[in-house]
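Letter by letter, the chains look like this.
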Amino acid sequence: MSLTRTPAAAEAAAVAVAPQREAGRMRRMVRGEAAFGYLLMAPVIIYLALLLLYPLLLSVWFSLTDASTGQPFGSWVGLKNFTDVWSNETFRLALRNSFIFTFGSEIGKAILGTVLAFLLLRRFRGKKVLRALLVLPWTVPVALTTLGWLLLFDPTFSMLNRTTSAIGFPYHPNWLGEPVPAMIAIMMANIWRGFPFSAIILLAGLTSVPPEILESAALDGCGFLRRFHYIIVPMIAPILFIGLLFDLVFSFTDLSVVYLLTRGGPENTTHILPELAYQNGIQGGDLAQGAAISLFMLPVFVVACVIMLRILRRREI
Amino acid sequence: MADDPAEIRADAAPEVEAVPAPSPALPEPAVALGGRLDRRLLLKGLSAGLAGVGLAPLLAACSSSNNAKVTKAPVGNEPAGGTPAVVISKGASLSILMWNHFVPAFDTYFDKYASDWGKTNNVNVRVDHVDIAQLPGRLAAEAAAGRGHDLFAFAAQIQTRRYQNRLVDMTPLMEPMIKAYGDVIPIGKATSFIDGKWLGLPHFNVIIPPLVRTDLLKDNGLKTPETWDDVMAAGKVLKPKNHAAGLAISHCNDANHNWRAIMWSFGASEVQQDGKTLALDTQEMKDFLTWAKQFQAEANSDEVYAWGDVSDNQYLGSGTGFFIHDAISALRSLQGKNDQLYNNIAILPEMKGPKAQLSMPDPQVFAIWNFTPKANAEAASSFLWTYMNNWKANFIASTGYNMPMFANQLVKPMPVLSEDPKFVVMQDYQGALLQTYGYPGPQTPASEDVLAQYIIPDMIGKLKGSGTVEDALKFARDQIAPIYAKNYKSNLTPAPNVTAIPK
């Protein structure tokens, strides 16, 4: 048997090896690309793990122990904190209020945000200045803006009541001292803060709708509402959903407006979950109960996120 | 500094600011490893220091007869041979966490004092101020992180028992202080003396007296109230004339201390003396709630359900309210701005109830974390010793707001308060008259939780309109019982040792 290879055989062998080499090279490249991809993703994964996952797991741990601010390493009590808070009247009121506060605020923001967005679509002098000014409520620190609302609702010096009184309006509630007006008051402050954000999201979507589609629809006899319902909303739905999701999370977790305006009063009627969790967990020192209260928000977020993202995905497909 | 007591007035405070903080003589290092004060060393040091400064003038500083002399040279300002109270290791720094004082001039004074002390002792000092309501949250974060300010103040919500395992034992600092300035009044012990150790250093009390419009009483032929029933009687006459009383029934600190003071004066309380057994279902509590319902309907303002901590001040300042129950800052804020109204407002002794006369001030207590680095803990101790020995200047800077908690510092005539007839009565706010949440038991994490959740004001709120005494009691029971049950089932928060509090 000859040990030497003929040129033809060598060529044939080379031709046979080439695809294998190419495949290997491709595999290495793919592996390299994947590794590079993971490398690029690493900061986000580390960020999420450190700033979201770790606190979340810590909250879960706290809620299953009797941890307090003085003894953060509590001992295991199982689901007792959850059953305890569920049996508490104040907690159930706060849970109900959280939904009222969130959905009430969202409706207000959606209406005002839509109106504002359409107004900002029009051409007029000083539009840019006005647009900048309208974003102020959302950008100014919440403590500052809420103090303004506190003055408006002040039981002794309420500017709101003085104004309505001057124009002959007969109803002058103790805004922050009666349950229903207090709830309306905190929603008003939250809507005022948040509707510019809704307007900007909507405006971004509206500007992406080709004007010729709207013009042809108008020529075909579509009125404003039909154009909005059948053309604009479906076209900007992804942006709307993402905006709505953000806004829901902001409202459901916003403790500052309630804390600064009512601290959950009068008689616990304006407590919402994040604010109650702060009061009991941090001010009261009962970390375990505070964690249990705040974790009641988690299923709500998960369900809302899953529903919205699924709808979005279906639309994209 | 003023040479004569008559010269020591509120407006003299800026002068006090200019005085640099000296260093009392204490030759020995007094802080042991791990941040815990070494008692023996500190006692030795303090004894030497006291001898060096001169014990006689120090004690004279506390006596009324030698007040003028002491004012001229308060012990804290005595030259002390340049030896610091506690030898501070090289590289020490001192960060202090305070709240935003209701007398802003006091913050200015304190910050400058601390800065000057730092310069004198070669210590880099930083003072941070936060809103009083933010303190518990900030301290919780520091305790959880195991790092934070070296020295901090508990204010209103004194959490010494909650953080008892995280605080430096300040007994070595307190013992010579008690020797020099007398026993600590009961509220100071209740807030700082935990299971046989001084875990806090009682700084001062913010007294909460009744403030009443004398002109309105006179115009309506009403006598100056001495009891809570007198306030009710006056309110019944004045509320229909748009001059109702103003006691907050809301989620604010004022509501927490005012309604507790009245509740105790009826002989009622949330808990018994053991600090564990609930005391809600008593005839005294029912009497108190019946009184509160009537008071709200007939004598108190209807606005109070929305009030914050400054609302009653504003209410009094608006000229509407005839009676509030709050710190003297409500009055001070009118001084020089609305003198007519200021002159028509009197500070009264605490109102008496059917069973007792009790008041709930807002105390402030200094504490040091046990995770504070050794050198910084030394600096904190040294600073505290010097600062607390300068108590008279501190008191003047606060315009009489910061009532000391050591018996000999409360001897009449006190600076500032004794010089203005309007404020003379404030000197009587001391001793067992002053109690804190948890009374008649000790202050506990459970009573602190009840305070933080505003359960007592909410119980009063339940009496609104058609609300009954039974409704209010049921609410309080449902809210308070689980809190106490939880705290005392857990081994982590042992039942307080009441007998350990020295009488």
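Before reading on, note that the structure itself is shown above.
Residues numbered from 1 in each chain as written. Chains lettered and ligands numbered in written order. Predicted model: local features only at pLDDT ≥ 70, side-chain atom pairs only at ≥ 80, totals over all residues. Heavy atoms only, no water.

1. Quick notes on the overall build of chain A
Tallying secondary structure elements over chain A gives 13 helices and zero strands in all. Counted from the first residue to the last, chain A has its helices and strands arranged as α-α-α-α-α-α-α-α-α-α-α-α-α. In chain A, which comprises 317 residues, the share counted as buried stands at 40%. Of the contacts formed within chain A by residues at least 6 apart in sequence, a portion of 66% connects residues at least 24 apart. Of the accessible surface of chain A, which amounts to about 18300 Å², a share of 72% is contributed by carbon and sulfur atoms. (Helix = DSSP H or I, 4+ residues; strand = E, 2+ residues; numbered from the N terminus. Buried < 20%, exposed > 50% of the residue type's maximum accessible area, 1.4 Å probe, protein only. Contact = heavy atoms within 4.5 Å. Areas by Shrake-Rupley, 256 points an atom, 1.4 Å probe, with all protein chains shown as cover.)

2. Concerning the overall build of chain B
Broken down by element type, chain B carries 20 helices and 12 strands. By the burial criterion, 62% of the 503 residues in chain B qualify as buried. When contacts within chain B are restricted to residue pairs at least 6 apart in sequence, those whose partners lie at least 24 apart make up 78%. Total accessible area computed for chain B in this model is approximately 17000 Å², and 52% of it derives from carbon and sulfur atoms.

3. Some words on helix α18 (residues 445-452) of chain B
Three- or four-residue spacings in an α-helix give side chains the same orientation, since the helix completes a turn every 3.6 residues. Residue and element names in this part refer to chain B. Burial runs high along α18: eight of the eight residues are buried. The complete set of buried residues in α18 reads P445, A446, S447, E448, D449, V450, L451 and A452. Where α18 terminates, the next one or two residues include Y454, which has phi positive at roughly 55°.

4. Re empty space enclosed by the protein
Applying the stated criterion across every chain yields a total of six cavities of 30 Å³ or more. Of the pockets and cavities examined, the largest cavity occupies roughly 280 Å³. In terms of lining residues, the largest cavity is bounded by 18 residues, among which R263(A), Q283(A), A133(B), Q157(B) and Y454(B) are the most central. For the lining of the largest cavity, the secondary-structure elements that each account for two or more residues are α11 (273-283) of chain A together with α6 (135-145), α11 (253-265) and α18 of chain B. Broken down by element, the residue count for the lining of the largest cavity peaks at three residues, all from α11(A). A class-by-class count of the residues in the lining of the largest cavity yields 10 nonpolar, five polar and three charged. As a volume, the second largest cavity reaches approximately 80 Å³. Around the second largest cavity sit H203(B), F204(B), Y387(B), M388(B), W391(B), N394(B), F395(B), N402(B), P404(B) and Q409(B), which together line it. At the level of elements, β6 (201-206), α16 (374-389) and α17 (391-397) of chain B are the ones that each hand at least two residues to the lining of the second largest cavity. Across the lining of the second largest cavity, the residue classes tally to six nonpolar, four polar and no charged. (1 Å grid on protein atoms, 1.4 Å probe; cavity = no way out; pocket = protein on both sides within 12 Å on 5 of 7 lines; lining within 4 Å. Points joined across faces, edges and corners; volume = space filled by probe spheres on them. Nonpolar A, V, L, I, M, F, W, Y, C, P; charged D, E, K, R; others polar.)

5. Observations regarding the packing of α11(A) against α6(B)
At a closest axis distance of 9 Å, the pairing of α11(A) and α6(B) adopts a crossing angle of 60°. Looking at the two axes, α11(A) sits oblique to α6(B). Relative to α6(B), the crossing made by α11(A) is left-handed. On the side of α11(A), the interface is formed by Y278(A), I282(A) and Q283(A), while α6(B) contributes P136(B), G137(B) and A140(B). (Axes fitted to C-alpha atoms, helices over the stretch in contact; angles between N-to-C directions. Parallel < 35°, antiparallel > 145°, perpendicular 65-115°, else oblique. Left-handed = near helix turned anticlockwise from the far one by under 90°.)

6. Looking at the environment of K474(B)
All names here are of chain B. Among the secondary structure elements, K474 is positioned in helix α20 (residues 469-489). On the basis of relative accessible area, K474 is assigned to the partly exposed category, the value being 47%. For the pair K474 and L280, spaced 194 residues apart in the sequence, the C-alpha separation amounts to 9.4 Å.

7. Things to note about the layout of surface pockets
Empty space within the largest pocket amounts to approximately 1200 Å³. Together, 43 residues line the largest pocket, and L150(A), R263(A), G308(B), D309(B) and V310(B) are the ones closest to its centre. Taken together, the elements giving at least two residues each to the lining of the largest pocket come down to α5 (142-153) and α10 (256-261) of chain A together with α11 and α13 (311-317) of chain B. Each residue belonging to the lining of the largest pocket can be placed in one class, and the counts come to 22 nonpolar, 14 polar and seven charged. Here the second largest pocket defines a volume of roughly 650 Å³. What lines the second largest pocket is a set of 23 residues, among which P55(A), L58(A), S59(A), F62(A) and L287(A) lie closest to the centre.

8. Some details on the interface of chain B and chain A
Reports of interface size often rely on the accessible area that becomes lost once the parts have come together. Facing 34 residues of chain B, the contacting portion of chain A comprises 39 residues. Around 3100 Å² of area is buried between chain B and chain A when both sides are counted, 44% of it from carbon and sulfur atoms. Our count for the contact surface shared by chain B and chain A stands at one salt bridge. Residue D286(A) pairs with K486(B) through a salt bridge whose shortest N-O separation is 3.0 Å. In this assembly, chain B and chain A are joined by 18 residue pairs in polar contact (both at pLDDT 80 or more). When contributions to the side of chain B that touches chain A are tallied by element, the ones reaching two or more residues are α6, α18, α19 (455-461) and α20 of chain B. Top contributing element to the side of chain B that touches chain A by residue count: α6(B), with four residues. (Buried area = accessible area lost by both parts, 1.4 Å probe. Salt bridge = Lys/Arg side-chain N within 4 Å of Asp/Glu carboxyl O. Polar contact = N/O pair within 3.5 Å; in protein donor to acceptor, adjacent residues only side chain to side chain.)

9. Here we look at the sheet that holds strand β7 (residues 210-213) of chain B
All names here are of chain B. Across the sheet, which stays open at both edges, the four strands sit in the order β8-β9-β7-β10 with mixed pairing between neighbours. For this open sheet the edge positions go to β8 (245-246) and β10 (345-347), each flanked by a neighbour on one side alone. Pairing of β7 with strand β9 (residues 323-325) involves three bridges; the strand directions are antiparallel. In the strand pairing of β9, P210 is matched with H325. (Pairing = 2+ DSSP bridges.)

Nothing here speaks to function; it is all geometry.
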